[in-house]
Amino acid sequence: MPAQTPTQLVDEFKKSGEFDRLRRDLLTSFRNGQGMSTLVGRVEEITKKKLASEEKLQHTAEALAVRELMQELERYPLVDRAIEEVPALTDPSFSASLRQHLGYILHGERDALESIRISGNATASPDARMLGGTDDQRAQDHVPSHTQNGLDALPTVMDG
């Protein structure tokens, strides 16, 4: 049955396993890319600067020092900048794949979603699997025309 409400769409998306797959693949992409080392480097830089400017932190209880350091780190948009460095999030085929899966859920086409996931994962490279296709196909190739036209109103991944 097609999803009728945003809540149903989210629930069906999670039930399909696609949410967990995307989460795992994006985390792996982040960890294996430049973003992780940049984030860790920036955290170390900010932490060292704070410890150098407030030497008393080095002699306080660990829990208190951690709390102070966490407050200092929260002042910076570290996570936002790290997310911007995940290449898959700016790749048009990632957005197309996400739209494709949401379209199938919106139109109750669970069988089509399952067959694409099975065929897409069987022969795809890790990068192609993350984007929901195989190495020699784009995500839009599988979207029926009625689904493509009906997704124009869906926000893109990058919309705020």
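Residues numbered from 1 in each chain as written. Predicted model: local features only at pLDDT ≥ 70, side-chain atom pairs only at ≥ 80, totals over all residues. Heavy atoms only, no water.

In the nomenclature of an unreviewed UniProt entry, the chain is known as BOD1/SHG1 domain-containing protein of Steccherinum ochraceum.

Draft legend 1. Up close: empty space enclosed by the protein. Summed over all chains, the structure comprises 2 cavities of 30 Å³ or more. By volume, the second largest cavity is sized at about 30 Å³. Forming the walls of the second largest cavity are Glu-18, Arg-21, Leu-22, Phe-94, Ser-97, Leu-98 and His-101. Elements supplying a minimum of two residues to the lining of the second largest cavity: helix 2 (18-32) and helix 6 (92-106). In terms of residue count, the dominant contributor to the lining of the second largest cavity is helix 6 (4 residues). (1 Å grid on protein atoms, 1.4 Å probe; cavity = no way out; pocket = protein on both sides within 12 Å on 5 of 7 lines; lining within 4 Å. Points joined across faces, edges and corners; volume = space filled by probe spheres on them. Helix = DSSP H or I, 4+ residues; strand = E, 2+ residues; numbered from the N terminus.)

Draft legend 2. Highlighting the nonpolar core. Core analysis: the largest hydrophobic core is formed by 14 residues, its most contacted members being Phe-13, Leu-26, Val-86 and Phe-94. Mapped by element, the contributors of at least two residues to this core are helix 1 (6-15), helix 2 and helix 6. The element that contributes the greatest number of residues to this core is helix 6, accounting for 4 residues. (Core = buried A, V, L, I, M, F, W, Y, C linked by side-chain atoms within 4.5 Å. Buried < 20%, exposed > 50% of the residue type's maximum accessible area, 1.4 Å probe, protein only.)

Draft legend 3. Structural context of the packing of aromatic side chains. All chains considered together, the criterion is met by 0 aromatic pairs. The aromatic ring of Phe-19 is capped on one face by Lys-14, whose charged end is 5.2 Å from the ring centroid. We note Arg-42 situated over the ring of Tyr-76; from NZ or CZ to the ring centre the distance is 5.2 Å. (Phe/Tyr/Trp six-rings, centres within 6.5 Å; stacked < 30°, edge-to-face > 60°. Lys NZ or Arg CZ within 6 Å of the ring centre and 35° of its normal.)

Draft legend 4. Here's a closer look at the environment of Leu-73. Mapping Leu-73 onto the fold places it in helix 4 (residues 62-74). For the pair Leu-73 and Glu-44, spaced 29 residues apart in sequence, the C-alpha separation works out to 9.9 Å. In this structure Leu-73 touches Val-43, Ile-46, Thr-47 and Leu-78, once residues within four positions along its chain are discounted. (Contact = heavy atoms within 4.5 Å.)

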